[in-house]
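Fold and contact review
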Amino acid sequence: MTAVPQQVIGFLQASAPFDSIDETGLQDIVSDIRVIYLTNENKNALLSQQGHSLFLIHSGQFLVKDSDSPLRYLSEGDYFGYGNLLDDTDIPIELEVDSPGLVYCLSQQRFIQCLQFYPEFDRFFNNSKAQSLQNQAADDSNSMWLYKSLTELINAEPVAADVEMSIHQSAKLMSDKGVSSLLITEKERLVGIVTDRDIRNRVVAEQRDSSQPIKNIMTTEPVLISHQRTLFDAMSYMTEHNVHHLPVIDSESRKPLGIITVTDVIRYQRGNILFLIGELSKAKSLYELTRLSWQMPHYFSRHARRPGDFDIAGKVLSQATDIMTRKLLQFFVQQQGEAPFDYCWLAYGSQAREDQFMGSDQDNGLLLAQTPNEQQAAYFESMAKYVCEGLAKCGIKLCKGNVMATNPDLRKSVDEAIEEAKQWVKTPSAQAILNFNIYLDVRAVAGNKTLLNQLQKARVPLFKQSFFLSALARHAIQGVVPLTMFQKFSYESDHKVKDAINLKRKAVGIINDIVRLYALANGLTMPSTLERLKHLPADSGLTKKDADNLRDIWLFLNRIRWRHQLQNHVTDNFVSVSDLSAIEKHQLKASLQGIRVAQQGIQMKFTAGLG
């Protein structure tokens, strides 16, 4: 049947890449779109009638195989059939209907025209095809542009000048290259930045001699970002520090690789996901910070709908918690004065891994440059109390296990923390592992971050000792996935919902333990589970295929957790199996089986096959 154009246009305007096409173009495209209602009874006939088409799902849930890739679970906003159109092949589309629904069909001729006339359209579907061949769950969603590495986004050589180049020559270079900022280097290392605004304010307005070296007007120690970070990280940095130009450097050599500007962000941004983070950064009081923080649940409820939205929700929440922490530290210093010596505020657990959920409590500590005297200790105790209680007022619950900076045991000097790590390795009892496992996922949030670097450098060789890794492995294989020996789901016996599974404790937590073990064995210090999997070396003991499989399982399970919390307005992790579709139940069972296989892998590698 022929669709009502305006009804279709509204949906297309919210669907990439059609959202990049103006309304006139969409009006023209809609004339070639047909709408079908797919059920298990009519699917073969209707798909045959449409022939070679691009299919966009408006509603319903389907299991689709339209290429040599594995079956894909698709729902609202997903496409299929484009592989045949791009490659001019005739691979039959296999489709199972989990939930009947409406599907938009765009003719092959119109699809080809769109590829030719709309570059964004062409990029989207060719990228989608490449991603599906890689079978990467992290690339399945339109929201995943936020996870793009900055190295993927920098497509031009950085425009840079030596510190001794004159202001006049530097300004001419900027003009010739058509750029609004200039990276300033010394021996190829980034040492500063100059923008159009600096030329206006520091040269023209002050009538400065333009033969002076550019270093005289540059901004030294600019806010910068490592090339290993993501676009989302860059957006957060720029929002928090209110900068429009963010240099991207090689993390080891400090050589500039490029620059991210506000214009770049606008070009890539498809939503207003950083609105609240920006507002949090501007908060001038605890009251204002608290008021804004309590909008976070409503924000996620309104904006998190697609799988990829759930993938970045934990990162968004962790970034927000980071900013709240830094603001609280700022408020404390304004009231009590500067710290007596350097410190580093640490985040542990889910905040460190950047996978916080709505029910996550706070896990944090203070790493000190030296052992404080009584007066200095009182200052840091007051700081810890102010920040932890402030975070609680902002909705980040106090930790029942007292894993907080208010705990004196978690306010240690670097030297004391190193000695503590030596004791962990020396006597890794089962209870000790249970207590300190959370401290192995750690990230610097504020203060002198080199203190954590010093600690990590000392701990890396300690944590690679086989006896210690064996103890961690034995702990990780004790986690029991909720499957019976006959591969049936095993439910929580003491929960009010009869078919509930605690996906955090009995699935995701086990993956975190497994991946942490491989990371420690290979000297990796980043806390993120996904980043650890990404950076494991080829000889890590975990094959790339197995690492990709664990990543896909981790993403799938966390998507279900987020959907459960947002749809049911809860903060727990007890997901009801009856709330899942038939396909999701199958995927959950396969995921749990995959975790069990990974446990067997670490048992063989780290414990010589002994439990």
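Read on for an overview of the structure.

About the criteria used
Numbering of residues starts from 1 in each chain and follows the order in which that chain's sequence is written. Owing to the predicted nature of the model, reporting of local features is limited to residues with pLDDT of at least 70; listing and counting of side-chain atom pairs is limited to 80 or more, with chain, interface and lining totals taken over all residues. Only hydrogens and water are set aside; all other atoms, that is, all heavy atoms of the structure, feed into the side-chain values. DSSP calls a pair of strands paired once it identifies at least 2 bridges connecting them. Numbered from the N terminus, helices here are DSSP runs of H or I no shorter than four residues, and strands are runs of E no shorter than two. In what follows, a contact means two residues having at least one pair of non-hydrogen atoms within 4.5 Å. Under this scheme, a helix contributes an axis fitted over its contacting stretch, all axes are lines through C-alpha atoms, and angles between N-to-C directions fall in the 0 to 180 degree range. Whenever a carboxyl oxygen of Asp or Glu lies within 4 Å of a side-chain nitrogen of Lys or Arg, that contact is scored as a salt bridge. Think of it in three bands: residues with accessible area under 20% of the maximum for their type are buried, residues over 50% are exposed, and the middle band is partly exposed, with areas taken using a 1.4 Å probe on protein chains only. Centre distance within 6.5 Å is the pairing criterion for rings of Phe, Tyr and Trp, where only the six-membered ring of Trp is used; planes under 30 degrees apart are then read as stacked, over 60 as edge-to-face, and the remainder as tilted. In this scheme, the term charge over a ring applies when either NZ of a lysine or CZ of an arginine sits within 6 Å of the ring centre and within 35 degrees of the ring normal.

Details of the sheet that holds strand 2 (residues 53–57)
With respect to topology, four strands assemble into an open sheet ordered 1-7-2-5, the strand pairing being antiparallel. Pairing within the sheet leaves two strands with one partner each, and these edge strands are strand 1 (33–38) and strand 5 (79–80). As judged from the five bridges shared by strand 2 and strand 7 (residues 101–107), these two strands associate in the antiparallel manner. Within strand 7, the residue paired with S53 across the bridge is S107. Lying over the sheet, helix 3 (residues 43–50) contacts strand 1, strand 2, strand 5 and strand 7, oriented at roughly 165 degrees with respect to strand 1. Across the sheet, helix 5 (residues 108–117) is in contact with strand 2 and strand 7; its angle to strand 7 comes to roughly 70 degrees.

A short note on the pattern of salt bridges
Tallied over the entire structure, the rule returns 25 salt bridges. Notably, a salt bridge pairs R516 with D441, separated by 2.7 Å at the nearest N-O pair. Of the two residues, R516 sits in helix 22 (residues 503–521) while D441 sits in the loop between helix 19 (430–436) and strand 18 (442–447), which places them 75 residues apart along the sequence. Judged by its relative accessible area of 0%, D441 falls in the buried class. Overlapping salt bridges, with partners in common, bring together R353, D355, D441, D513, R516 and R532 in one network.

Some thoughts on the packing of aromatic side chains
Within the structure shown, the criterion is met by 21 aromatic pairs. Consider the rings of Y79 and F125, whose centres lie 5.0 Å apart with planes at 85 degrees: the pair is edge-to-face. Note that Y79 is positioned in strand 5 and F125 in helix 6 (residues 119–134), a separation of 46 residues in sequence. Side by side, Y79 and F125 carry an identical accessibility label, which is buried. Geometrically, the ring pair formed by F332 and Y379 is edge-to-face, given 5.3 Å between the ring centres and 70 degrees between the ring planes. Residue F332 is located in helix 15 (residues 307–336), and its partner Y379 is located in helix 17 (residues 374–393); the two are separated by 47 residues in the primary sequence. Taken together, the aromatic side chains of F18, Y79, Y82, F111, F121 and F125 make up a single cluster linked through ring pairs. When the ring centre of F489 is taken as origin, the NZ or CZ atom of K589, which lies over that ring, is 5.1 Å away.

Some remarks on the side chain of Q50
Note that Q50 resides in helix 3. Residue contacts for Q50: discarding those within four places in its chain leaves R34, I36, F55 and C105.

A word on the pairing of strand 3 (residues 61–65)
On strand 3, burial follows the alternation: F62 and V64 on one face are buried, whereas Q61, L63 and K65 on the facing-out side are not. The sheet contact formed by strand 3 and strand 6 (residues 94–99) spans five bridges and is antiparallel. Each residue of the ladder has a partner; that of Q61, found in strand 6, is S99.

A closer look at the environment of K464
Following the sequence through the fold, K464 ends up in the loop between helix 20 (450–463) and helix 21 (466–477). The exposure class of K464 is partly exposed, given its relative accessible area of 41%. K464 sits 24 residues away from L440 along the chain, and the two C-alpha atoms are 13 Å apart.

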